Amino acid sequence: MSDKLDRLLAKLDAWMPQELSEADWNSAVAFRWRRKDTLLGKLGYLQAVKHTSDISFADLQHIDRQKDQIFSNTKHFVAGKPANNVLLTGARGTGKSSLIKACLNEFAAKGLRLVEVDKEHLTDLGDLTELLAVRPEKFIIFCDDLSFEDGESGYKSLKSALDGSVAAQVENILIYATSNRRHLLPEYMTDNESYRHTSDGEIHPGEVVEEKISLSERFGLWISFYPPKQDEYLDIVGHWLNHFGLNQSQIEAARPEALIWALERGSRSGRVAWQFARHWAGQQDD
C-alpha cells in the first residue's frame, strides 16, 4: 500500500510546477513567470533563464538622455533609495527593451534581477509579488510590448500593482514596461465625445479618457523614444559592423546598402541597423 501511495505522490509531483532551488536563485539573474496545467488548474511558477542578452549601455547609440534617466533610476533602486516604476514608449525598434536588458547587465553584480511577465499573466502579479518580496535581491518585473484592448483582465491587475492596491508597495520590486502606445489602451475618436466643457470654457476629460490615461499615469517615470535621424542610423550601423569585426573601410562601403535596407523596411531604427549589420557582416566571406 505504501509503495502505491509513493508512486501516486510521485505522479502528482510531476504535474506540479517545480519551485526554484537556492542554487537556481544564486546562479540566475533573469527569470520568467510561467503557468502550468495541473490537477488543481493553472498554477504560476518562476523559471530561471539560462541564457540572457549581453547588450550593454555602450551598445545603445543616440539615446543618451533615455540611458541617463533609466540608469539613474535603477542605480537608486539597487542602492535602496526611492525610485520609480518606468514606462518606456515610442517608435518600434528604438531600444526600449534593450535598455532594460542593459540595466540588468549593469547592475546584476549588485543584486539586481529581472523577471519577465507576459501580458496574459499579469493577473498573477499579486502571487509573484508575494514570492519575490521575501528575497534579498532587487527585482525589476519586465513587461515587454505592453498594450491592452478594452476589457482585458491584466489591465486592472497592473493598475492595482502600480498604485491602488490595499497592500503596500514592496521595496525590492519595480515594474519596467515597454509599449508603442503611450496610454497603453487603444484611443478612438469617439473618446473625445466624453470631454466636458464648463461655462468658463475650461475642458475636462470624461470618464472614458480618464480611465485610459490612469494606468500610464501610475508609472512615475515616462521615457520616450523616437526614430533616429539618417546620420544617427548610420552611426548605429557602424557600431554594430565594428562589433562584428569589420574595419573602417568596410563600414564606409556598407553605408549605401544600409540606407537601402532601411528604405525597403520603411523604418530607420536601432533594430533595423542591427539586422542589417548581421546581414552585411555575415556575407563578407561569401
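None of these values were measured; they are calculated from a predicted model. (Residues numbered from 1 in each chain as written. Predicted model: local features only at pLDDT ≥ 70, side-chain atom pairs only at ≥ 80, totals over all residues. Heavy atoms only, no water.)

Draft legend 1. Structural context of the pairing of strand E5 (residues 138–143). Judged by how many residues are buried, E5 sits mostly within the fold: 6 of 6 residues are covered. Burial along E5 is two-sided: the residues Lys-138, Ile-140 and Phe-142 and Phe-139, Ile-141 and Cys-143 are all buried. Bridge count for strand E4 (residues 112–116) against E5 is 5 bridges, and the pairing is parallel. Within the sheet, the bridge partner assigned to Leu-112 lies in E5 and is Lys-138. Once the chain exits E4 it traverses helix H5 (residues 125–133) before rejoining the sheet at E5, and the crossover so formed is right-handed. Sheet analysis places E5 next to strand E6 (residues 173–179), joined by 5 bridges and oriented parallel. Considered in E6, the bridge of Ile-140 is made with Leu-174. (Buried < 20%, exposed > 50% of the residue type's maximum accessible area, 1.4 Å probe, protein only. Helix = DSSP H or I, 4+ residues; strand = E, 2+ residues; numbered from the N terminus. Pairing = 2+ DSSP bridges. Right-handed = clockwise from strand over helix to strand, strands pointing away.)

Draft legend 2. Unusual backbone geometry, seen in detail. Backbone geometry places His-62, a non-glycine residue, at a positive phi of 60 degrees. Tracing the backbone shows His-62 in the loop between strand E2 (41–48) and helix H3 (64–78). Its relative accessible area of 36% is what places His-62 among the partly exposed residues.

Geometry only, nothing functional implied.
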